[in-house]
Amino acid sequence: MQLRHLLLSFPMWVSCQNTPTTPVTVEKETPVSDTLLFPRASQGSYSQQKKVVKDMKNALPTSASNEEISRVFTAIMVQHLIPHWVGTPWSFEGHPEQPGTQPVACSYFVATVLRDAGVVSNRYRMAQLGPEDEARYLSKKDAILTLSFSDVDSGKKLLAEKIPEGIHFIGFGDIHVGFIYRKGNQMVFIHSYYKDKIGVIIDPIENSPLWEVCHRFYVYPLSGNSTFLHRWKTKKAA
């Protein structure tokens, strides 16, 4: 896990990425450690993984429970797509179709991963929105969770109280977007970080420098959200 030398503060402007993997199966989720180490990128190219993702989604039976749909969606994001992006550097103008080919802005990282998971059709439209509007773009007319806090400790407490297990979209104030993933009591931010053009990282929340510049989060749950999962499941994979 490429986590870091992220201790310094950074500019207030932004716009907001790959390492190779071990095989994973749909039947059994690759274990995530206590420190939320993600699996390395799944064997094969990113294009091959996109085909695997499509098959996983299309294989869900009509009678699949919310729990099963959530498990498959989480595996798609955490095991098959995101690990391929880790290490892709950041650029304000970056909008590559695949990881590792060019630097990627934070909003295009999020929109492209969601497109490849079968969620977003027009990644350009989504990526050009601000953080709050991106959350609303994903939520349709669902409520989004707005968390405001005055200091790091209160912010971490809010996340611990309000964020259930699973993967969620998160907008950082007016400046940045990414995902937040919770497993048990551990949480990480997953985002294309602009400081020194570091790019896509898996960032334990207790260490993240984003607390220094952001005092408001917009969160929209993905896995664990029955309304979102129903929309995702019934949308035909392209």
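This structure is a prediction, so every number in the text was calculated from the model and none was measured. (Residues numbered from 1 in each chain as written. Predicted model: local features only at pLDDT ≥ 70, side-chain atom pairs only at ≥ 80, totals over all residues. Heavy atoms only, no water.)

1. Observations regarding the overall build of the protein chain
Along the protein chain, the regular secondary structure elements total seven helices and six strands. Going from the N terminus to the C terminus, the protein chain shows its helices and strands as α-α-α-α-α-β-α-β-β-β-β-β-α. Taking all 238 residues of the protein chain together, the buried fraction comes to 53%. Carbon and sulfur atoms provide 51% of the accessible area of the protein chain, an area that totals close to 10,900 Å². (Helix = DSSP H or I, 4+ residues; strand = E, 2+ residues; numbered from the N terminus. Buried < 20%, exposed > 50% of the residue type's maximum accessible area, 1.4 Å probe, protein only. Areas by Shrake-Rupley, 256 points an atom, 1.4 Å probe, with all protein chains shown as cover.)

2. Thoughts on the pairing of strand β5 (residues 199–204)
Where burial is concerned, most of β5 is hidden: six out of the six residues are buried. Two elements, strand β4 (residues 186–193) and β5, share six bridges in a ladder whose sense is antiparallel. Counted as the bridge partner of histidine 191 is isoleucine 201 from β5. Here β4 folds back onto β5 in antiparallel fashion, the turn holding five residues, of which aspartate 196 has a positive phi close to 55°. (Pairing = 2+ DSSP bridges.)

3. Focus on the sheet that holds strand β2 (residues 166–172)
Reading across from one edge, β1-β6-β2-β3-β4-β5 is the order of the six strands in this open sheet, with antiparallel pairing throughout. The two strands at the open ends of the sheet, each matched to only one other strand, are β1 (145–148) and β5. Within the sheet, the average angular offset between the axes of one strand and its neighbour, ignoring direction, is 25°. Note that β2 and strand β3 (residues 176–183) share seven bridges and pair antiparallel. Counted as the bridge partner of phenylalanine 169 is phenylalanine 179 from β3. On the sheet, helix α3 (residues 106–116) packs against β2, β3, β4 and β5 and is oriented at approximately 55° with respect to β3. (Axes fitted to C-alpha atoms, helices over the stretch in contact; angles between N-to-C directions. Contact = heavy atoms within 4.5 Å.)

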